[in-house]
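The primary structure of each chain is shown beneath.
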Amino acid sequence: MGSIETELGTGQQQDFMRNLLVFTREHKSSFWSGTLAQFLAQIVTRDAHGVARSAHQYVWDMIRWTRPQGSETAAGSGLFADELFGMQEPIERVVDYFKAAAAGSEVGRRLLLLLGPPSGGKSTLVILLKRGLEEYSHTEAGAIYGIQGCPVHESPLHLIPHTLRAEFRETYQVEIRGELCPHCRMRVEQQLNGDFLQMPVERIFISEAGRSGIGTYAPHDPTTADLADLIGSVDLSKVADYGDEGDPRAWSWSGAVYAASRGMLEMIEILKVKREFLYLLLTLTQEKNVKVSRFPLIYLDETIVAHTNLAEFRKFLQESENEALLDRMVIVQVPYTLNFHDEARIYRKLISSAAPAFREVHLDPHVLSAAAVFAILTRLQEVDDKEQELAKRVRLYAREDVEGLHASDADRIRQKQPEEGLGGVSPRFVINALSSAIIQSNTRSLTTMDVLLALKDAIENDARIDPKKKRKWVDYLVLARKHFYNRWVKEDVHRALFVSFEQEAQDLLDKYLDEVEATLDNRQIRDPITSEERKPDERFLRSVEEKIHISDSGKQSFRQEVVRKAMRAFKRGEKFTLDSHAQLHEAVQQYFFEQRRDVLRLVSSSHRPDPEARQKISIVEQRLVDEYGYDAHSAREALNYVTTLLAQE
């Protein structure tokens, strides 16, 4: 046994090493170095536009590079697709910002501020942009060059004198923007005797860890925060060497704005910093330079992406002197998602990166979705909607078919409720409740009811939540169970109970269509057994339609709609199935379920069933395990739960 495990481990290690080699080959970049003269002859002549790109243009090119071929949407980009869920609109707005800034519009002179509740994905979005820049800089398309030894990694084109820049523009069809930094200016004058063509140039690679092209600033105590964290300060240890505090070599270029030059500066919780920090950053964004003592203006080309929470932003808005600062920001709201399918994907991602003990616990197939429904309910703007209406809104936001509503109604409702998604529980709250349920579980298997109870405990024991909100959120747990989980688990058990469900249900659907067509055509139907002709079975039709609350006055239009859809499917050469009509699918399922309710009670009612009943129970449980994502424990719990529901009806 041990030798087999050893061989397996060795095989996995070999696969991993092969993957490492493949990754290395794919990310292997051609290093280049030379003088400015060689750079102009070898690099600029080949790709002048790429060399002269601004930071905003570089980010925009990176985003386009990550998109799958043929994709036009940012949310579908490989950069975001597998990491951020339910954030299509904020992502599109962020990408639109970079697109407009890259085109040279005034947007590029604004600071990008991501605003939203905690754990809403702001930091993750910025991290993905930074990782994208790092990877892109290792590709040929993302090649970026800087003056060797320059503390701000500045473009070699800054070495071109202003008197020659017009001729450069005519020659290469690109504009040179920017000034040489004090450090490199001194090198040209003192080390190269003015011969700037001999200045060494090299290809640089963006790296947050290497402080090249990415800078990050996280605020600490505002009363003790020092601007030196952003723009550096005099390095007293070097003053003795150079004899002058104004010597660029005696300056510490360790500030975050220098690390971010040519790339991106991330400002975490930006509104917690002093106002002088904000003015410095906004001047940098507007004018692309910073002013430090003893030096002239220092040109820096970088994009600034900041993020903050709603509490800090609302406090910021209350101070009238901040209006001028707000005018220089592009604010993108990053709310929580209101689509419970996307919310469940967030939980799945968080679980996949959690501790092994978390991943080893089996979750029944509706745990994450039910928890997600609860989370969405807490994020809806508080109105006097009834349970049924709230459930409809949740389903509508999840792009599900809802009776009496169209998919476009979701956007209309969102516009009327602009605050939705800016409050409520965060994904972390739900994951913490899941963790608590796992710790308390002895079965290594969690059911949806286990998690709903864990969420109830988390709400009741959280001192931050006021009593009124606690009662409302507990009611939301009941709503999630009653209007969502009950329906899901009944469908699972129903399908598992009857092995031939799919075909039987399709036969029932075909019968419904035959009866409807005969009714609409005002003709009789030939009985397949007796061969006698009879009138359409109106009682059967109504018994199906009433399952989805089709009124007697509305039955005609509903039937006509069904026939139209069936005809369109026929013309396309497709079979009209249960998946072709969501409402009819639900009606047929409920009708089918109603017809076999007594059988289900028989199968799962007694603790000591006879051998025949025991065999039926075993088949149902195994089908739930094999085809619907349950394990043995959660399958038994699902059967017992559905039996209880039937007894209450």
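Read on for an overview of the structure. Not measured: the values here are computed from a predicted model.

## Some thoughts on helix α15 (residues 340-352)
A rise of 1.5 Å per residue sets the reference length of α15, with its 13 residues, at 18 Å; its end C-alpha atoms lie 18 Å apart and thus fit the reference within 8%. For α15, the full list of buried residues reads Phe-340, Asp-342, Glu-343, Ala-344, Ile-346, Tyr-347 and Ile-351. Of the residues flanking the start of α15, the one acting as N-cap is Asn-339, its side-chain oxygen 2.9 Å from the backbone nitrogen of His-341.

## Considerations on the side chain of Ser-137
By secondary structure assignment, the location of Ser-137 is in the loop between α6 (122-136) and β3 (144-147). By relative accessible area, Ser-137 is classed as buried at 0%.

## Focus: the pairing of strand β8 (residues 264-268)
When you tally the buried positions in β8, you get 4 out of 5 residues, the bulk of the element. Inspection of the sheet shows strand β5 (residues 214-217) paired to β8 by 4 bridges, in the parallel sense. Note that in β8 the partner of Gly-215 across the bridge is Leu-265. Note that β8 and strand β11 (residues 303-308) share 5 bridges and pair parallel. From the neighbouring strand, Ile-268 faces β11, where its bridge partner is His-307.

## Here's the deal with the nonpolar core
By size, the foremost hydrophobic cluster in this structure holds 62 residues, and its most contacted members are Phe-39, Leu-111, Leu-230, Tyr-258, Met-267, Ile-270 and Leu-281. For Leu-230, the residues in contact, after removing those within four places along its chain, are Tyr-217, Gly-255, Ala-256, Val-257, Tyr-258, Met-267, Phe-277, Leu-280 and Leu-281. Residues Val-373, Leu-390, Ala-433 and Trp-473 belong to the second largest nonpolar core, which totals 51 residues.

## Section: the layout of surface pockets
Gaps between atoms show up when a probe of the same size as a water molecule is rolled over them. When its volume is computed, the second largest pocket comes out at roughly 710 Å³. Around the second largest pocket, the lining is made up of 30 residues, and of these Gly-423, Gly-424, Val-425, Lys-469 and Trp-473 lie nearest the centre. Those elements that place two or more of their residues in the lining of the second largest pocket are α13 (310-317), α17 (367-379), α20 (427-440) and α22 (467-497). In terms of residue class, the lining of the second largest pocket is built from 14 nonpolar, 6 polar and 10 charged.

## With respect to the pattern of salt bridges
In the structure shown here, the tally under the stated rule is 34 salt bridges. Here Arg-379 makes a salt bridge to Glu-343, at a shortest N to O gap of 2.7 Å. Placement of the pair is Arg-379 in helix α17 and Glu-343 in helix α15, with a sequence separation of 36 residues. Exposure remark for Glu-343: the relative accessible area of 0% places this residue in the buried category. A salt bridge links Glu-538 to Lys-555; the nearest nitrogen and oxygen atoms lie 2.9 Å apart. Here Glu-538, found in helix α24 (residues 538-545), pairs with Lys-555, found in helix α25 (residues 555-571); they are 17 residues apart in sequence, far enough to count as distant.

## Some points on the packing of helix α18 (residues 387-397) against helix α19 (residues 409-416)
Contact geometry of α18 with α19 gives a least axis separation of 9 Å together with a crossing angle of 115°. When the axis of α18 is compared with that of α19, the two are roughly perpendicular. Read as a crossing pair, α18 and α19 show a hand that is left-handed. For the pair α18 and α19, the contacting residues are Arg-393, Leu-396 and Tyr-397 in the first and Asp-409, Ala-410, Ile-413 and Arg-414 in the second. By residue class, the composition of the contact of α18 with α19 is 4 nonpolar, no polar and 3 charged.

## A short note on the environment of Pro-182
Structurally, Pro-182 can be placed in helix α8 (residues 182-191). Its relative accessible area of 10% is what places Pro-182 among the buried residues. Distance in space between the C-alpha atoms of Pro-182 and Pro-151 is 10.0 Å, their sequence separation being 31 residues. Those residues within four positions of Pro-182 in sequence are excluded, and the remaining contacts are Pro-248, Trp-253, Phe-295, Pro-296 and Ile-298.

## With respect to the packing of aromatic side chains
The way to describe two aromatic rings as a pair is by their centre distance and the angle between their planes. Applying the stated criterion across every chain, the model contains 17 aromatic pairs. Each ring, one from Phe-540 and one from Tyr-591, has its centre 5.6 Å from the other, and the planes form 85°; the classification is edge-to-face. Remark: Tyr-591 occurs in helix α26 (residues 582-595) and Phe-540 occurs in helix α24; sequence separation between them is 51 residues. Exposure class is identical for Phe-540 and Tyr-591. Each is buried. Each member of the aromatic cluster is reached from another via a ring pair, and the members are Trp-251, Trp-253, Tyr-258 and Phe-295. Cation over ring: Lys-511 sits above Phe-540, and NZ or CZ is 4.7 Å from the ring centre.

## Let's talk about helix α5 (residues 88-102)
Taking 1.5 Å of rise per residue, 15 residues should cover 21 Å, and α5 covers 21 Å from first to last C-alpha, within 8% of that figure. Buried residues of α5: Pro-90, Ile-91, Val-94, Val-95, Tyr-97, Phe-98, Ala-101 and Ala-102, and no others. Taken down its axis, α5 places every buried residue within 145° of arc, on the same side. Next to the buried residues of α5 lie α4 (55-66), β2 (111-115), α6, β8, β11 and β12 (329-333).

## A short note on unusual backbone geometry
We note that Glu-269 has phi near 50°; this positive angle belongs to a residue other than glycine. Along the polypeptide, Glu-269 turns up in the loop between β8 and α12 (275-287). Positive phi is not limited to glycine here, since His-549 has a value of about 60°.

## Observations regarding empty space enclosed by the protein
Across all of its chains, the model carries 1 cavity of 30 Å³ or more by this definition. Taken as a whole, the largest cavity encloses approximately 70 Å³ of empty space. Along the walls of the largest cavity sit Gly-50, Val-51, Arg-53, Ser-54, Ala-55, Tyr-58, Ala-143, Ile-144, Tyr-145, Arg-262 and Asp-301, which together make up its complete lining. The set of elements that each furnish at least two residues to the lining of the largest cavity consists of α3 (48-51), α4 and β3. Of the residues contributing to the lining of the largest cavity, the split by class is 6 nonpolar, 2 polar and 3 charged.

Reading guide: rules and limits
Residues numbered from 1 in each chain as written. Predicted model: local features only at pLDDT ≥ 70, side-chain atom pairs only at ≥ 80, totals over all residues. Heavy atoms only, no water. Helix = DSSP H or I, 4+ residues; strand = E, 2+ residues; numbered from the N terminus. Expected span 1.5 Å × (residues − 1). Buried < 20%, exposed > 50% of the residue type's maximum accessible area, 1.4 Å probe, protein only. Polar contact = N/O pair within 3.5 Å; in protein donor to acceptor, adjacent residues only side chain to side chain. Pairing = 2+ DSSP bridges. Core = buried A, V, L, I, M, F, W, Y, C linked by side-chain atoms within 4.5 Å. Contact = heavy atoms within 4.5 Å. 1 Å grid on protein atoms, 1.4 Å probe; cavity = no way out; pocket = protein on both sides within 12 Å on 5 of 7 lines; lining within 4 Å. Points joined across faces, edges and corners; volume = space filled by probe spheres on them. Nonpolar A, V, L, I, M, F, W, Y, C, P; charged D, E, K, R; others polar. Salt bridge = Lys/Arg side-chain N within 4 Å of Asp/Glu carboxyl O. Axes fitted to C-alpha atoms, helices over the stretch in contact; angles between N-to-C directions. Parallel < 35°, antiparallel > 145°, perpendicular 65-115°, else oblique. Left-handed = near helix turned anticlockwise from the far one by under 90°. Phe/Tyr/Trp six-rings, centres within 6.5 Å; stacked < 30°, edge-to-face > 60°. Lys NZ or Arg CZ within 6 Å of the ring centre and 35° of its normal. Arc of directions from axis to C-beta.

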